[in-house]
Amino acid sequence: FKLEQEEYQKEKVSWESIDFVDNQICLDLIEARPMGILSLIDEECRILNGKDLQLLEKLHGKFEKHARYVKPKKAGVVFGVRHYAGDVEYTITGIVEKNKDSLYDELAEVVKESQNEFMS
């Protein structure tokens, strides 16, 4: 909404301002490059022996003091994000395996076995 409202102002579009909770800090926690939650998940998936618990430790280490990150009081396999509507808990179990890009390995094998001189 924020960017849309700024665009309307630039273009001198007639509109009514909308009050909303600015959730940018939460979006940055999740999406920021190079060190948001999604970036750390991607990084762990690229590591040959990446593991869910290693990822969780990295998340806790990087974001423990972030206003929107929730590190559970009890050790476990979850982390949380404090969204504008409340805390959302995410389970880490299986996240690295589910997000690995297996296509790369399969593609490499196809290229390796190709008879096409362009591919070899």
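Just so it is clear, the structure is predicted and the values come from calculations on it, not from any experiment.

A. Geometry of the layout of surface pockets. Approximately 220 Å³ is the volume attributed to the largest pocket. Taken together, Asp42, Cys45, Arg46, Asn99, Lys100, Asp101, Ser102, Tyr104 and Asp105 make up the lining of the largest pocket. At the level of elements, helix 3 (37–46) and helix 6 (102–113) are the ones that each hand at least two residues to the lining of the largest pocket. Grouping the amino acids of the lining of the largest pocket by side-chain chemistry returns 2 nonpolar, 2 polar and 5 charged. The computed volume of the second largest pocket comes to approximately 180 Å³. Lining the second largest pocket, in full, are Phe1, Lys2, Leu3, Phe20, Val21, Asp22, Asn23, Gln24 and Leu27. Counting only elements with at least two residues in the lining of the second largest pocket, the list comes to helix 1 (2–10) and helix 2 (24–31).

B. Representation of the pattern of salt bridges. As enumerated under the stated definition, the model contains 6 salt bridges in all. Lys10 is paired through a salt bridge with Glu7; the nearest N and O atoms lie 3.9 Å apart. Pair noted here: Lys10 and Glu7 are both in helix 1, with a separation of 3 residues, about one helical turn. Of the charged contacts in the structure, one is a salt bridge between Asp87 and Arg82, with a shortest N-O distance of 3.0 Å. Judged by relative accessible area, Arg82 falls into the partly exposed class, the value being 32%.

Reading the values: rules and limits
Residues numbered from 1 in each chain as written. Predicted model: local features only at pLDDT ≥ 70, side-chain atom pairs only at ≥ 80, totals over all residues. Heavy atoms only, no water. 1 Å grid on protein atoms, 1.4 Å probe; cavity = no way out; pocket = protein on both sides within 12 Å on 5 of 7 lines; lining within 4 Å. Points joined across faces, edges and corners; volume = space filled by probe spheres on them. Helix = DSSP H or I, 4+ residues; strand = E, 2+ residues; numbered from the N terminus. Nonpolar A, V, L, I, M, F, W, Y, C, P; charged D, E, K, R; others polar. Salt bridge = Lys/Arg side-chain N within 4 Å of Asp/Glu carboxyl O. Buried < 20%, exposed > 50% of the residue type's maximum accessible area, 1.4 Å probe, protein only.

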